[in-house]
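# Structural overview for review
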Amino acid sequence: MTFKIIQIKCLFNSFVVRNCVLLAIINIKIPSKCTNDMTDMLLKNINAIIGVFAVVRVSLNFMSYFKPRHNQENTMADANAAVAVVTVSLVVLGLLSGLSLSWALLPVAVVVLIFVLASGLRGRDELAHLNVCVLVLGDIGRSPRMQYHALSLSRHGYSVTLIGFLGSKPHQDILEDDRIDILPISELMGLRVGPKIFRYVSKVILQSFQLFYVLMKIEDQGYLLMQNPPGLPAIAVAWVASRLRGNQFIIDWHNYGYSIMALTHGENHLIVKVAKWYEKLFGCFSDHNLCVTNAMREDLRKNWNIEATTLYDKPPSIFRETPLKLQHELFVRMSSVYSPFRPSSDVTKEHMERTAFTERNTHTGAVTRSSGRPALLISSTSWTEDEDFSILLQALQEYEKFVEEEDKLPSLVCVITGKGPQKEYYKKLIDTKEFQHVKICTPWMEAEDYPVLLGSADLGVCLHKSSSGLDLPMKVVDMFGCCLPVCAIHFKCLHELVKHEENGLIFKDSNELSQQLKLLFSDFPGDQGKLGIFRKNLRESGQQRWNENWDQNVLPLIKEHCD
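The text that follows walks through the structure, step by step, so that each part is easy to find.

How each quantity is defined
Residues numbered from 1 in each chain as written. Predicted model: local features only at pLDDT ≥ 70, side-chain atom pairs only at ≥ 80, totals over all residues. Heavy atoms only, no water. Helix = DSSP H or I, 4+ residues; strand = E, 2+ residues; numbered from the N terminus. Pairing = 2+ DSSP bridges. Axes fitted to C-alpha atoms, helices over the stretch in contact; angles between N-to-C directions. Core = buried A, V, L, I, M, F, W, Y, C linked by side-chain atoms within 4.5 Å. Buried < 20%, exposed > 50% of the residue type's maximum accessible area, 1.4 Å probe, protein only. Contact = heavy atoms within 4.5 Å. Parallel < 35°, antiparallel > 145°, perpendicular 65-115°, else oblique. Left-handed = near helix turned anticlockwise from the far one by under 90°. Nonpolar A, V, L, I, M, F, W, Y, C, P; charged D, E, K, R; others polar. Salt bridge = Lys/Arg side-chain N within 4 Å of Asp/Glu carboxyl O.

Omega for the bond connecting Pro-229 with Pro-230 falls within 30 degrees of zero, at 0°, which places this linkage in the cis form. Within the element layout of this structure, Pro-230 appears in the loop between strand S4 (223–228) and helix H9 (234–245). One non-glycine residue, Trp-383, lies in positive phi territory at about 50°. Secondary-structure assignment places Trp-383 in the loop between strand S11 (375–380) and helix H14 (390–405).

Here's what the structure looks like:
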């Protein structure tokens, strides 16, 4: 007990020393033109701030000595977070009391200086370089690339803190990995009344405070790897936290956030211009950068003076062709919820468990494909403005006419998976269609079932139009991993992924897409037509998987810093 008390006294004395040094520095730098009243007020405020800092810090450290050893780091992190909250409170109180903005922000400058001094004196955890924070200011379950980053880091012995919203269930591998800890944050909404711009600004401010608190609370990290977009306010907050905590800051550029905002507001809207300026300014402060295409790498270098490493999206090993038995099990589960997966009611067979696509003999367990089965068309979407599903609906309407004119074309079951803001709008539009040979359903697939469904489909359709023209649709990457040919809508850098007439087809409008559907399904279910050729090319391509790609492009970057 005596030893602990001595430690606490030393810690308290260290704060006294820091306070004295800091006050001496500030006294020297006070302008001579300041009045005595101003000087007194300044010193009183600074003493109060430092006093709060010392009391909070010493109190929490005092508590930490009476806790088990493994909780001490968390308590120190709580102290840092508490200081951040106190500082923000002092700024708000200063503004409310009539101080100018520059004086009100003085606590921030003081506490930042104290943090710098404190971090220099206490040193860093020797194992901090083996800790990585993976940050996405969005739904973790709908951020597959960041989940793959976390799994790759864990595979190489790093401890990962995965921060984001818990809207959808993350992949089971993430949940079962002992090296990966999920730290959920709330999706704050800001003010619910007032002009739209004020509501948005209030949301950004609240998210900033929340994110800063969380990043200061976690234990020492060697790296902070964040996804952009969304980058407002994540880039600035993550950069400040990285500088205070002494870790490397890495941005993984999936797209430009301002370009997505421009889809809603227009390129000339003030908020879009501010977002572009912000993204460009703070993006330059990162230590390392990753991006998803060579086109984006060149654009970052040329226009924003940012050097990046291209890390193409590649399918992990879970994306592969699905064995017929697993297909049947999935179809049985889906038929209990979605009618397009149910067999035709005018055909009955004894001792057979049937779906619209497969049959299983209940005596032998053998699974076969149903004769006269429909073709399974699949598309995946986040139901946002950069995907116009009216193109697909118009193409399906034309295909309906083709089926009525030509008996050899199969019926279609079109599955559109995903969640997003425009889903309800398109569901209402789908309900107005009176198709006889086309059935549409819009399920949300769990992370474990989605690869199985892709590996069971006959053709994929992608309607993703990049808002910047510089990113590639990950859904196509996953489809190719399952050797599933794709029809994809044209945009600037799509050729880096889809090779027209080799692994799929590229279209520009609904008319072209309807003609491609007619062409590809003209030989269905045979495998000698174009659809079979594209699938054969994908099987023989020897495409690289995520683990190999990550080890080749990201691991050396991290190991270089460790060494």
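Let's pick the thread back up.
The subject of this paragraph is the sheet that holds strand S16 (residues 504–507). An order of S13-S12-S11-S14-S15-S16 is seen for the six strands of this open sheet, with the pairing classed as parallel. In this open sheet, the two edge strands, each paired with only one partner strand, are strand S13 (438–441) and S16. Between one strand and the next, the sheet's axes are offset by a mean angle of 20°, whatever the strand orientation. Strand direction decides the pairing type here: strand S14 (residues 459–462) and strand S15 (residues 486–489), joined by three bridges, are parallel. In the sheet register, Val-461 faces S15, and the bridge partner there is Cys-487.

Counting residues in hydrophobic clusters, the biggest one holds 61 residues, and the most contacted among them are Leu-153, Leu-376, Leu-453, Leu-454, Val-498, Trp-550 and Ile-558. Tallying contributions element by element places helix H17 (residues 474–481) first for this core, with five residues. The residues touching Leu-376, leaving out its near neighbours within four places in the chain, are Phe-331, Phe-357, Val-413, Val-415, Leu-453, Ser-456, Ala-457, Asp-458 and Leu-459. With 40 residues, the next largest nonpolar core counts Ile-218, Ala-236, Val-237 and Phe-249 among its residues.

This next bit is on H17. With eight of eight residues buried, H17 is to be regarded as a mostly interior element. For H17, the full list of buried residues reads Met-474, Lys-475, Val-476, Val-477, Asp-478, Met-479, Phe-480 and Gly-481. Residues of H17 that are buried make contact with helix H6 (144–155), S11, helix H16 (449–454), S14, S15 and helix H19 (530–540). Among the residues trailing H17, Cys-483 stands out with phi positive, at a value near 55°.

For the pair H9 and helix H11 (residues 270–283), the least separation of the axes is 9 Å and the interaxial angle reads 25°. As far as their axial angle goes, H11 and H9 are roughly parallel. Regarding H9 and H11, the two cross each other, and that crossing is left-handed. Along its contact with H9, which presents Ala-234, Ile-235, Ala-236 and Trp-239, the element H11 presents Tyr-278, Glu-279, Phe-282 and Gly-283. Of the residues in the contact of H9 with H11, the class split is six nonpolar, one polar and one charged.

This part is about the packing of helix H10 (residues 257–265) against H11. Between H10 and H11, the shortest axis-to-axis distance is 9 Å and the interhelical angle comes to 175°. The angle between the axes of H10 and H11 places the two elements in the roughly antiparallel class. Facing Gly-257, Tyr-258, Met-261, Ala-262 and His-265 of H10, the residues of H11 in contact are Ile-271, Val-272, Ala-275, Lys-276 and Glu-279. Tallied by class, residues from the contact of H10 with H11 come to six nonpolar, two polar and two charged.

What follows concerns the pattern of salt bridges. Evaluated as defined, the whole model comprises 17 salt bridges. For Glu-298, the salt bridge is made with Arg-301, and the minimal N-O distance between the two is 2.7 Å. With Glu-298 and Arg-301 both in helix H12 (residues 294–304), this residue pair falls three residues apart, about one helical turn. With relative accessibility at 35%, the residue Glu-298 sits in the partly exposed group. Residue Arg-301 is classed as partly exposed on the basis of its relative accessible area, which comes to 39%. Put simply, Arg-145, Asp-252 and Asp-313 are held in one network by salt bridges that share partners.

Our next topic: the sheet that holds strand S10 (residues 367–369). Taken together, three strands build an open sheet; the order of strands is S8-S9-S10 and the sheet is antiparallel. Among the strands making up the open sheet, the edge pair consists of strand S8 (352–354) and S10. Averaged over all pairs of adjacent strands, the angle between their axes in this sheet comes to 25°, without regard to strand direction. Both S8 and strand S9 (residues 358–361) contribute to a ladder of three bridges, which runs antiparallel.

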